[in-house]
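# A look at the structure
If you want the building blocks of each chain, they are given just below.
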Amino acid sequence: MNKQDIASIKQLLSNKKKIVIVPHKNPDGDAIGSTLGLFHYLIKGNHEVSVITPNDYPKFLKWIPGNETILKYDTQTDVCKALIEKADIIFTLDFNAFHRTGNMETVLESSNAIKIMIDHHQAPDNYAKYTFSDITMSSTCEMVYHFIDMLGNTKMIDSDIATCLYVGIMTDTGSFRFRSTTSKTHTIVSKLIEHGANNNEIHNNIYDTNSYERLQLLGCALSNLRIIPESRAAYITLTQDELQKYDYKKGDTEGVVNYGLSLNGVVLAAIFIEDRNEGIIKISLRSKGNFSVNEMSRAHFEGGGHTNAAGGKSHLSLEKTVEKFISILPTYNKALNNE
Ligand code: 5GP
Ligand code: MN
């Protein structure tokens, strides 16, 4: 995004517009934080703004300021379609290819609104008139801060905006510990706290709301953990029956994959979760150092993401998916042992 783009966007936002903001399907903390952060900012500019998520999201995100205004495309399709059709501008946040919005793909594709992408994933598609894409950024929330800064409006950041943006930076950086966390990230976080983000409260709201069943599910996942020492890899499986046994709720498996990566010497971790409703195995991959799980997922698991965090899926059974994972590992042994 160059100076000319910023000037054009400033001009575009100088009078009242109908704006829709969309994150990816199964939105996470960064997706909800960035869309609501931008929502509060644009509302202050007197625009008509709606956040539309493709589907529902975990309960631990449902306290974020503005949460009650969010529309869900899968259950409120007609009202969402009408808003998208009438929109002057559509911001797409925390994804860079329409298929990442699931069943919103075609309605977004056919909309004539001006699209603005703000995103930090690899390999952006070319659908937006204005593309702000930067894979070095910790999170889309960090980019929304930069976006507001480029528009010269950081003074407009209030405690609602600060809280939303803090959520996404905190969740996408694993509480400021992943490689994507820079001194700039910390500078921004410091400014967000100054603007009214209550860091302790936000952390408690996101991470300290476990149910007893969720911890039991974690115990189950950890007892299913396997290590493949020659590949410095570890993986976890969860069957649909196991999820049901522990009263699985959306978001309960968030972060579980990281336990594999916490093992001494392990540089690649995976979790395979059976989803019988969708008929797929949902896969999360995480790595340390330069080993790219984005490439691994693109090559073998119909997904992608970042160098150190990617998602994907498999249409094989859980067992066959694990077999496939184990069978492709040797081709990566050299890279994995160089980390
Ligand atoms: P997670 O494992 O938490 O679902 O996703 C890890 C990262 O990869 C996130 O940044 C997420 O947005 C991205 N990601 C997850 N699934 C996919 C996918 O199917 N395709 C692409 N391109 N990125 C994904
Ligand atoms: Mn993100």
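Residues numbered from 1 in each chain as written. Chains lettered and ligands numbered in written order. Predicted model: local features only at pLDDT ≥ 70, side-chain atom pairs only at ≥ 80, totals over all residues. Heavy atoms only, no water.

What follows covers the sheet that holds strand 1 (residues 18–22). One open sheet holds the six strands; their spatial order is 3-2-1-4-5-6, and the pairing between them is parallel. Only two strands of the sheet have a single partner each, and these edge strands are strand 3 (71–72) and strand 6 (130–133). Here strand 5 (residues 114–119) runs beside strand 6; their pairing, made up of four bridges, is parallel. Each bridged residue has a counterpart across the sheet, and for Asp 119 the counterpart in strand 6 is Ser 133. Each of strand 4 (89–93), strand 5 and strand 6 is contacted by helix 1 (residues 3–12), which is oriented at about 120 degrees to strand 6, the strand it contacts most. Of the strands in this sheet, strand 4, strand 5 and strand 6 touch helix 5 (residues 140–150), which is tilted by about 120 degrees from strand 5. (Pairing = 2+ DSSP bridges. Helix = DSSP H or I, 4+ residues; strand = E, 2+ residues; numbered from the N terminus. Contact = heavy atoms within 4.5 Å. Axes fitted to C-alpha atoms, helices over the stretch in contact; angles between N-to-C directions.)

A separate point is the domain arrangement of the chain. Assigned domains within the chain: domain 1 (3–207) and domain 2 (212–337). The gap between the C-alpha centroids of domain 1 and domain 2 is 27 Å. At the junction of the two partners, domain 1 supplies 16 residues and domain 2 supplies 13 residues. Of the roughly 1100 Å² buried at the junction of domain 1 and domain 2 (both faces included), carbon and sulfur atoms supply 44%. In terms of surface lost to domain 2, no three residues of domain 1 exceed Phe 60, Gln 122 and Arg 179, which account for 45% of the buried area on that side. Joining domain 1 to domain 2, the criterion identifies one salt bridge. For the salt bridge of Glu 278 with Lys 25, the shortest nitrogen-to-oxygen distance reads 3.6 Å. The tally of links from domain 1 across to domain 2 stands at nine residue pairs in polar contact (both at pLDDT 80 or more). (Domains from an automatic or database assignment. Buried area = accessible area lost by both parts, 1.4 Å probe. Salt bridge = Lys/Arg side-chain N within 4 Å of Asp/Glu carboxyl O. Polar contact = N/O pair within 3.5 Å; in protein donor to acceptor, adjacent residues only side chain to side chain.)

The phi torsion at Asp 94 lies on the positive side, around 70 degrees, for a residue other than glycine. By the secondary structure assignment, Asp 94 is in the loop between strand 4 and helix 4 (105–109). Located in the positive-phi region is Arg 232, a residue other than glycine, with phi close to 50 degrees. Among the structural elements, Arg 232 can be located in the loop between strand 7 (226–228) and strand 8 (233–238).

This part is about the coordination of the manganese ion (ligand 2). Distances from the manganese ion (ligand 2) to its protein donors, Asp 30 (OD), Asp 94 (OD), His 120 (NE2) and Asp 172 (OD), fall within 2.2 to 2.3 Å. Read N to C, the donor residues that coordinate the manganese ion (ligand 2) are spaced as D-x63-D-x25-H-x51-D. Here His 120, found in the loop between strand 5 and strand 6, pairs with Asp 172, found in helix 6 (residues 159–172); they are 52 residues apart in sequence, far enough to count as distant. Both residues of the pair, His 120 and Asp 172, count as buried. (Donors = N, O, S within 2.8 Å, 3.2 Å for Na, K, Ca; no water. Buried < 20%, exposed > 50% of the residue type's maximum accessible area, 1.4 Å probe, protein only.)

This next bit is on the sheet that holds strand 8. Judged by pairing direction, the sheet is mixed, and its six strands sit side by side in the order 7-8-9-10-12-11 without closing on themselves. Two strands in the sheet have a free side with no partner beyond their single neighbour: strand 7 and strand 11 (304–305). Where strand 7 lies against strand 8, three bridges are found, and the strand directions are antiparallel. Across the sheet, residue Ile 227 finds its bridge partner in strand 8, namely Ala 234.

Take the environment of Ile 283 next. Looking at the secondary structure, you find Ile 283 in strand 10 (residues 280–287). The spacing of Ile 283 and Gly 311 is 28 residues in sequence and 5.6 Å in space, taken between C-alpha atoms. In contact with Ile 283, not counting residues within four places along its chain, are Ile 271, Phe 272, Phe 301, Ala 310, Gly 311, Gly 312, Lys 313, Ser 314 and Thr 321.

For the coordinates displayed, the defined rule picks out seven aromatic pairs. With a centroid separation of 6.2 Å and an interplanar angle of 70 degrees, the aromatic rings of Tyr 235 and Phe 272 are classed as edge-to-face. Placement of Tyr 235 in strand 8 and of Phe 272 in strand 9 (residues 268–275) is noted, with a sequence separation of 37 residues between them. Residue Tyr 235 is classed as buried on the basis of its relative accessible area, which comes to 11%. Geometrically, the ring pair formed by Phe 291 and Tyr 332 is edge-to-face, given 5.4 Å between the ring centres and 85 degrees between the ring planes. Here the residue Phe 291 occupies a position in the loop between strand 10 and helix 12 (293–300), and Tyr 332 occupies one in the loop between helix 13 (318–328) and helix 14 (333–337), the gap between them amounting to 41 residues. In this structure Tyr 332 comes out as buried when scored by relative accessible area, which is 17%. Site record: aromatic cluster; members linked through ring pairs are Tyr 235, Phe 272 and Phe 325. The ring of Tyr 57 carries Lys 62 above its face, with NZ or CZ at 5.2 Å from the centroid. (Phe/Tyr/Trp six-rings, centres within 6.5 Å; stacked < 30°, edge-to-face > 60°. Lys NZ or Arg CZ within 6 Å of the ring centre and 35° of its normal.)

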